[in-house]
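# An overview of the molecular structure
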Amino acid sequence: MKLVSKRIERDRSGFVKLICEEAEDVWHVYNLISKGDQLKSSTERRIRLDGATGSADSTRLKLTITISITDIVFDPTTCSLRVNGKNITESKHIKLGAFHTVDVVLNQTFTLLKEEWDSINLDRIDDACDVTKQADVGAIVLQEGLSNICLLTKHMTVVRQRIETPIPRKRRGSVTNYEKGLQRFFDQIYQSMLRHFNFEILKVIIIAGPGFIKDQLFTYIFDQATVRQYFE
């Protein structure tokens, strides 16, 4: 999370202007906001346009709006956050008091205003914006043909990629197709791990799964790393 600006008055009222940079940041925002707070952000709204001939058309306009929050909806599976509230800003396109929904999305600046900022919320902002407190544990959770590549932080597990690969069944007298399919699956996991894991930060990588498949993946990773000289 990036802190753009912050102003807290002596009576503890004030605002913070933030940008969510990772999925976990949206989860932090969900825990920061409360009903009655105010949220200022860019949003889109469909506007009806009446033509000179009496015909009606509509278009989507990008607006900046401030709402008084009445409802908060967070989806943990997608880390998406929708905030509902009443418009409290003058606008020719949105009436005062009209209800509107604002989506908190990645890489978009928004401002959160509170009548009182407590120490817990301020500490959460400090933690979320501290780049030294990022995820230091990676996890690969798998079964045959299905794997999730994850990062574990102090607060939550973030799925960076889901991999699904069909693997042929073993046939009596021949396991060649099965082994080739398994190798393709392991290679996809390995390539995903290289893309999504920062080995300068991660302290440990957990490989979890039923049976021997986790052990097979572990062997494959180290074999590939040795060949490509990632480890000495």
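The structure we're discussing is the one just above.
Description of the structure in this document. Everything numeric in this text was worked out from a predicted model, so none of it was measured. (Residues numbered from 1 in each chain as written. Predicted model: local features only at pLDDT ≥ 70, side-chain atom pairs only at ≥ 80, totals over all residues. Heavy atoms only, no water.)

### Comments concerning the side chain of Asp37
With respect to the helices, strands and loops of the structure, Asp37 is situated in the loop between helix 1 (23-32) and strand 3 (38-50). Relative accessible area serves as the criterion here: at 9%, Asp37 is assigned to the buried category. Here Lys114 takes part through its side chain, which lies 2.6 Å from a polar atom of the side chain of Asp37. Here Asp37 is in contact with Leu32, Ile67, Ser68, Ile69, Leu112, Leu113 and Lys114, once residues within four sequence places are set aside. (Helix = DSSP H or I, 4+ residues; strand = E, 2+ residues; numbered from the N terminus. Buried < 20%, exposed > 50% of the residue type's maximum accessible area, 1.4 Å probe, protein only. Polar contact = N/O pair within 3.5 Å; in protein donor to acceptor, adjacent residues only side chain to side chain. Contact = heavy atoms within 4.5 Å.)

### Considering the packing of aromatic side chains
As enumerated under the stated definition, the model contains 6 aromatic pairs in all. When the centroid spacing of 5.8 Å and the interplanar angle of 45 degrees are considered together, the rings of Phe186 and Tyr220 count as tilted. Placement of Phe186 in helix 3 (residues 176-196) and of Tyr220 in helix 4 (residues 213-227) is noted, with a sequence separation of 34 residues between them. Given a relative accessible area of 10%, Tyr220 falls into the buried group. Chaining the aromatic ring pairs together yields one cluster made of Phe185, Phe186, Tyr190 and Tyr220. Across the ring face of Trp117, the terminal group of Lys114 is positioned such that the distance to the ring centre comes to 5.6 Å. (Phe/Tyr/Trp six-rings, centres within 6.5 Å; stacked < 30°, edge-to-face > 60°. Lys NZ or Arg CZ within 6 Å of the ring centre and 35° of its normal.)

### Remarks on the pattern of salt bridges
Counted according to the given criterion, the structure contains 6 salt bridges. Note that Arg160 is salt-bridged to Glu22, the shortest N-O span being 3.4 Å. Taken together, the residues Arg160 in strand 10 (residues 157-164) and Glu22 in the loop between strand 2 (14-19) and helix 1 connect sequence positions 138 residues apart. Overall, Arg160 belongs to the partly exposed group, its relative accessible area being 33%. Owing to a relative accessible area of 36%, Glu22 belongs among the partly exposed residues under this scheme. Among the salt bridges present, the one from Lys114 reaches Asp37, with a minimum N-O distance of 2.6 Å. Placement of Lys114 in strand 7 (residues 109-114) and of Asp37 in the loop between helix 1 and strand 3 is noted, with a sequence separation of 77 residues between them. Residue classification places Lys114 among the buried positions, given a relative accessible area of 8%. (Salt bridge = Lys/Arg side-chain N within 4 Å of Asp/Glu carboxyl O.)

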